[in-house]
Amino acid sequence: MPGTFSPLEGERLSGNFHMRPLNGELGFGLILLALCSVVAVLAPVLAPYDPRAFSGQPLERPSRAHPLGTNDVGQDILSELIYGARVSLTVALAAGAGTVLLGLLVGGMAGYAGGWLDQALMRLVDGMLSLPRLPLLILFATFLGSGLPQTIAVISFLFWPTTARVVRAQVQSVRQRGYVRMARQFGASHLYVFLRHILPAIGPLIAYGLVTSAGQAVAMEAGLAFLGLGDPLVQSWGLMMRFALNLPGLFLTDRWLWWLLPPALCVTLLILALALMGIGLEQNLNPRLARRWR
Amino acid sequence: MMLMVQDLRVTFPLDGKTGLRAVDGVSFDLAPGTSLGIVGETGAGKTTIARALLGLHPPGCVQGSIRLDGRELVGLSEEAWRAIRWRRIALVPQSVGTALDPVYRVGDQIAEPLRYHLGLSPAEAWGRSLELARRVGLEPRHLRAYPHQLSGGEKQRALLAMALSCAPDVLVLDEPTSGQDMLSRARLLGLLDALRREGGMGLLVISHDLAVVARLTERVAVLYAGQLVEVGPTAEVFQDPRHPYTWGLLHAYPDMSTARDLRGIRGAPPDPANPPPGCRFHPRCTQAIDRCRREEPPLREIGGRWIACHLGGLQTLLRAEGLRKTFSVDGGEPEERVEAVREATLDIREGEVVALVGETGSGKTTLGQMLVGLLPPDGGRVVLEGRELTAARGKERRAMMSRIQLIPQDPFDAVSPRLTVAEMVREPLDIQGIGTPEEREAKVRQALRTVGLPASPDFLARRAHELSGGQLQRVVLARALVLEPKLIVADEPVSMLDPSEQARVINLLKEIQTERGLALLLISHDLALVRKIADRILVMHRGQIVEEGPGNRIVTRPEHEHTRMLLEAAPRLG
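Computed from a prediction, not measured in an experiment: that's the story for all the values here.

Some words on the overall build of chain B
Phase 1: Across its full length, chain B carries 23 helices and 22 strands.
Phase 2: Each of the three principal axes of chain B carries a C-alpha extent, and together these read 95 × 55 × 45 Å.
Phase 3: In chain B, which comprises 574 residues, the share counted as buried stands at 48%.
Phase 4: Restricting the contact set of chain B to residue pairs at least 6 apart, pairs at least 24 apart contribute 65%.

Brief notes about the sheet that holds strand 3 (residues 35-39) of chain B
Residues and elements named next belong to chain B.
Phase 1: Spatially, the eight strands line up as an open sheet ordered 6-7-8-3-9-10-12-11, and their pairing is mixed. Each edge of the open sheet is held by one strand with a lone partner, namely strand 6 (89-92) and strand 11 (300-302). Neighbouring strand axes in the sheet, compared pairwise and without regard to direction, differ in orientation by 20° on average.
Phase 2: Two elements, strand 7 (residues 170-174) and strand 8 (residues 202-207), share five bridges in a ladder whose sense is parallel. Across the sheet, residue Leu-171 finds its bridge partner in strand 8, namely Leu-203.

Details of unusual backbone geometry
All names here are of chain B.
Phase 1: Of note in this structure, Glu-492 is not a glycine but carries a positive phi near 45°.
Phase 2: Following the sequence through the fold, Glu-492 ends up in the loop between strand 19 (487-491) and helix 20 (499-516).
Phase 3: Its identity as a non-glycine residue notwithstanding, Arg-542 has a phi of 50°, on the positive side.
Phase 4: Among the secondary structure elements, Arg-542 is positioned in the loop between strand 21 (536-541) and strand 22 (544-550).
Phase 5: Look at Arg-542 and you get partly exposed, because 15 C-beta atoms sit within 10 Å.

Quick word on the interface of chain A and chain B
Phase 1: If you look at the interface, chain A gives 22 residues, while chain B gives 27 residues.
Phase 2: Taken together, the residues that form the side of chain A that touches chain B break down as 11 nonpolar, seven polar and four charged.

Describing the environment of Leu-118 of chain B
Phase 1: By secondary structure assignment, the location of Leu-118 of chain B is in helix 4 (residues 106-118).
Phase 2: Residues Leu-118 of chain B and Val-231 of chain B, 113 residues apart in the sequence, show an inter-C-alpha distance of 36 Å.

Quick word on the domain arrangement of chain B
Residues and elements named next belong to chain B.
Phase 1: The domains assigned to chain B are domain 1 (3-88 + 168-307), domain 2 (316-403 + 485-569) and domain 3 (417-473).
Phase 2: The partner domain 3 presents seven residues to the nine residues of domain 2 that form the contact.
Phase 3: The element contributing the most residues to the side of domain 2 that touches domain 3 is helix 20, with four residues.
Phase 4: Residues that form the side of domain 2 that touches domain 3 fall into these classes: six nonpolar, one polar and two charged.

Topic: the sheet that holds strand 5 (residues 71-72) of chain B
Residues and elements named next belong to chain B.
Phase 1: An order of 2-1-4-5 is seen for the four strands of this open sheet, with the pairing classed as antiparallel. What marks the edges here is a single partner per strand, and that holds for strand 2 (18-30) and strand 5.
Phase 2: Here strand 4 (residues 62-68) pairs with strand 5 via two bridges, running antiparallel. Pairing of Leu-68 across the sheet is with Arg-71, part of strand 5.
Phase 3: Running at roughly 70° to strand 2, helix 1 (residues 46-53) makes contact with strand 1 (3-15), strand 2 and strand 4 of the sheet.

What to know about the confidence of the model for chain A
Residue and element names in this part refer to chain A.
Phase 1: When the pLDDT values of chain A are averaged, the result is 83; 89% of them are 70 or greater.
Phase 2: Low pLDDT, under 50, characterises residues 1-19; the predicted model gives this stretch 33 contacts beyond four residues in sequence or across chains.
Phase 3: Contacts for the low-pLDDT stretch residues 286-294, under 50 throughout, to residues beyond four places or in other chains number nine contacts.

A closer look at the pairing of strand 10 (residues 227-233) of chain B
Residue and element names in this part refer to chain B.
Phase 1: Across the seven residues of strand 10, six count as buried, placing the element largely inside the fold.
Phase 2: Looking at chain direction, strand 9 (residues 219-224) and strand 10 are connected through six bridges and run antiparallel. By the bridge assignment for strand 10, Arg-219 is matched with Pro-233.
Phase 3: Joining the antiparallel neighbours strand 9 and strand 10 is a turn of two residues, in which Ala-225 adopts a positive phi near 50°.

Re the nonpolar core
Phase 1: In terms of nonpolar packing, the biggest core is built from 156 residues, with Val-218 of chain A together with Val-475, Ala-478, Leu-487, Val-489 and Leu-521 of chain B touching the most fellow members.
Phase 2: Sorting elements by how many residues they give to this core places helix 4 (residues 77-113) of chain A first, with 16 residues.
Phase 3: Listed in part, the 83 residues of the second largest apolar core include Val-5, Tyr-224, Cys-285 and Ile-307 of chain B.

Side note on helix 5 (residues 122-135) of chain B
Residue and element names in this part refer to chain B.
Phase 1: Helix length check: helix 5 (14 residues) gives 20 Å between terminal C-alpha atoms against 20 Å at 1.5 Å per residue, within 8%.
Phase 2: Lining the buried residues of helix 5 we find helix 4, helix 6 (140-144) and helix 7 (152-164).
Phase 3: One or two residues past the end of helix 5 sits Gly-137, with phi positive at roughly 90°.

Side note on the pairing of strand 20 (residues 519-524) of chain B
Residues and elements named next belong to chain B.
Phase 1: Burial analysis of strand 20 places six of its six residues in the buried class, which makes it a mostly covered element.
Phase 2: Neither face of strand 20 is left uncovered, since the one carrying Ala-519, Leu-521 and Ile-523 and the one carrying Leu-520, Leu-522 and Ser-524 both have all their residues buried.
Phase 3: Pairing of strand 15 (residues 353-357) with strand 20, which is carried by five bridges, proceeds in the parallel orientation. From the neighbouring strand, Val-354 faces strand 20, where its bridge partner is Leu-521.
Phase 4: Where strand 19 meets strand 20, five bridges bridge the pair, whose relative direction is parallel.

Digging into the environment of Val-87 of chain A
Residue and element names in this part refer to chain A.
Phase 1: Note on placement: Val-87 falls in helix 4.
Phase 2: Taking the C-alpha atoms as reference points, Val-87 and Gly-238, 151 residues apart in sequence, are found 9.9 Å from one another.
Phase 3: Contacts of Val-87, omitting those with residues within four sequence positions, involve Val-234 and Ser-236.

About the cut-offs
- Residues numbered from 1 in each chain as written.
- Chains lettered and ligands numbered in written order.
- Predicted model: local features only at pLDDT ≥ 70, side-chain atom pairs only at ≥ 80, totals over all residues.
- Helix = DSSP H or I, 4+ residues; strand = E, 2+ residues; numbered from the N terminus.
- Buried ≥ 20, exposed ≤ 12 C-beta atoms within 10 Å, placed from the backbone.
- Contact = placed C-beta atoms within 7 Å.
- Pairing = 2+ DSSP bridges.
- Axes fitted to C-alpha atoms, helices over the stretch in contact; angles between N-to-C directions.
- Nonpolar A, V, L, I, M, F, W, Y, C, P; charged D, E, K, R; others polar.
- Domains from an automatic or database assignment.
- pLDDT = per-residue confidence, 0-100.
- Core = buried A, V, L, I, M, F, W, Y, C linked by C-beta atoms within 7 Å.
- Expected span 1.5 Å × (residues − 1).

As structure tokens, this is what we get:
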């Protein structure tokens, strides 16, 4: 019926979305993440000691000097914990970005170009998704060595296919929109169309992808470090847990309360923060898309 | 060759030094028993030519050559002219009211040239007058009347009788039917036509009334600003005008068979005292190139027609040859393929309004998108201004894309929900890299004003969801206009608007089309709507163009069965 077409309806039908104001999950996740970031940035100020320094006797109980006691070689656990935030956040950011970039590149190309390139790239994605991730992660980590950059690269490499799939689906939908095709009609290059129209249109999706990938990356890094496949020189929360658990008879005393529990809680909280943000962002997305994401 | 006019120039002195060149280098000839029409807008110099042929201009004004049976008339003394006027060349003047002397009876005035030129006695002259009056359809009582007692048509007949009195070799008719009602006009035309056929007289018809010229003449010369722009057989010129001016003139002419609204030629005729350099029509021409602004085009023969145009006449702007597009459903089976467009071929000329009509699913939109380069065709090619659009890449493609713009059906889909009005309209300029940021802003504001939208900061900052459908379609139109394209393809541009807004947007589109001199391809299913503005209509059915022709012909005498069905289905009130 002419004249009765609602623009909002059009928006919803065509799979576009606007950012809505902060919702509870997103807000809470952001606060947690901000807290973690402040701790990471201000680590030298906040930490009572250099985490590598042997600032006390081995295995001290919590005291005024060492609020969380010391580890088996006499390093301050609280300082380790504070500096560990830096590692986890670096991994979260770098691996999250790496995942999203790779996913955006492959998914964007497949979705925009279509045709045989799309088919080829998507078969690759299917192949990658069918591989068991954790064993592969362990294999790669063993193979490539245990530096932090290697860890980040391995995580990015294993997690991009999910992002690629979602990006492709959304790019395919946006590419068919009139205004995107019209830009070509004004003589625009493909690069212009992609950067000016497609990228902003899938922006919220990218934010969502970044947050969820970051959460997964944190968990993976902690897991690798815990398994002893991380960088033994970078004191991450995962490594702390590994060392704590390596102590024979940890659970015989209450020592696990201040050595094992704090890093485990920190990892959980960071993942929770990112997951909450993911849920919050997801609510801003098209429900149909959100279902596809999982 | 009886009458030969060569390089006729008529200059009226203005203020000592400068002169007003009313006729500039006009050449034509007229053989016995033939007829020639001279058409043009008011002020083109038509009457000046007529008066020059009768030696009615002051001495020294006329240059060039007018030869009658080889004898040069330019520069003759008044004495010599008197022997030629009436006897050899006679004129029926335009202003009927002042041509007759109010104090003499009409019959005496008709008899006067007979007595003066042929030396007849009063009685003989009166007898001849009666005979002449009968021939032109006047009764004896008319001859005894005074001019004010006659109607305009009767006076015109009396003047015609006077002009015919000495059986001239050349009869010049200056606006022979002006100021006459349609019926007496038809009678007069019948009379003139009969006179031309029976006598061996050469007939020169000067008129802005194309129907008169079409009826009376075999050849026609089109006069613009004192110069001839096109000469050819009347029927051919009127059927297929080649010069952009002729084309515009014909489209400005009301005609019983025209279903479309009249269109004017943009701009106004030039001031004869100060004509534009180069081709005199270039400021109003839709296809003018640089050369047209510098060089005067000579009248030369192109394909059996004399045309004064550097480009050889009206250009084909866009040509599509054998376009094909097949969509496969779900990538697979041959039986699931849809042949959306099959071998479509069409031309769009400069400044032309072409309508592409057909029912939903006939392939109109697909064809439109292939024409503007949005959809690559499976076969065939699109040629824009002589260059192949379908093969263009990179910079060349970018440049060609600025010449042709699409207005899609759904304005809501055609603009990004993320951009403001200013950003939307500026986008083509950004892409094409035209001008400085300030110039782009100015162009955006100008384009918005052209389409009747405010250019206030508040409006410029709005986004798509804050606009109505009509406003948004105007924004889309403004965006299409900022690049100053030569062709706009409008795909059902108003189908999503309410009826009153539809009419406004269509009128606006038409107005802009005329003013900017751009060509318009209007894609629609609504014959009732497009017949109002289309010069030509293409009918599409199942992916093929089944009928093509002038708008009025398609609407009044459809040939293809599908066109008839579309016409019957067109909405009617009551």
